[in-house]
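# Coordinate analysis (summary)
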Amino acid sequence: MAEQHSSKSIMWATIIVTAILIAIIYPLTAYKGGSTANISSAADEADIRIQPVARFELAKAEAPAVSGPRDGATVYNAVCGACHNTGAAGAPKIDDKGAWASRLASGKDALIKSVANGKGAMPAKGGAALSDDEIKGVVEYVISKVK
Ligand code: HEC
């Protein structure tokens, strides 16, 4: 009887250990097997995770169209400052009043025309997509800073 009892214990211990091993190993093998096959679903997950960011960027890009033309300071900082803050490409600097005196003398309309069509190393509209209102607004902003 004692012998039978202990062999029963061994049998149960074996079953339990086996069950535990299966419980540990099976999920591991299932995971490994799935990891290469699931690349596209991982990519989908990545898409889903970056989606809110992409939507946020779109909302930002569309904002000006909804809220009308951007004001002069906004356009200046986004487009014109790259050259006119630093003097890049030989641009007259925004803080160099002397460099602007003769240009101001030609009048606002002439300056608007220069910005709209480009002049020298300055590309038309500073190289950006600007509406007529935005060009007028940003030229008025520049004039207010340099006179
Ligand atoms: C790529 C550099 C660059 C960018 C960007 C740029 N400019 Fe200029 N800008 C210049 C240069 C260079 C000149 C001098 C052109 C010349 O007289 O030959 C100039 C000249 C001007 C003048 C004087 C024009 C005249 O008739 O004398 C105005 C006004 C002006 N820029 C405004 C702007 C505004 C507003 C923006 C943004 C929408 C802008 N610029 C973006 C380079 C730039």
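Higher on the page you've got the structure.
Attention here is on the structure that accompanies the text.

Calculation rules
Residues numbered from 1 in each chain as written. Predicted model: local features only at pLDDT ≥ 70, side-chain atom pairs only at ≥ 80, totals over all residues. Heavy atoms only, no water. Donors = N, O, S within 2.8 Å, 3.2 Å for Na, K, Ca; no water. Tetrahedral: all angles 85-135°; square planar, octahedral: opposite > 155°, others 65-115°. Helix = DSSP H or I, 4+ residues; strand = E, 2+ residues; numbered from the N terminus. Buried < 20%, exposed > 50% of the residue type's maximum accessible area, 1.4 Å probe, protein only.

Protein coordination of the iron atom of the ligand is provided by H84 (NE2) and M122 (SD), with donor distances spanning 2.0 to 2.2 Å. One way to put it: the 6 donor atoms around the iron atom of the ligand meet at angles of 84 to 179°, and that makes the site octahedral. Note that H84 is positioned in helix α3 (residues 72–84) and M122 in the loop between α5 (108–117) and α6 (132–146), a separation of 38 residues in sequence. Since its relative accessible area comes to 11%, H84 is described here as buried. Classification of M122 as partly exposed rests on a relative accessible area of 26%.

Our focus in this paragraph is the environment of V142. By the secondary structure assignment, V142 is in helix α6. With a relative accessible area of 13%, V142 lands in the buried category.

Keep in mind that these numbers describe shape and distance, not what the molecule does.
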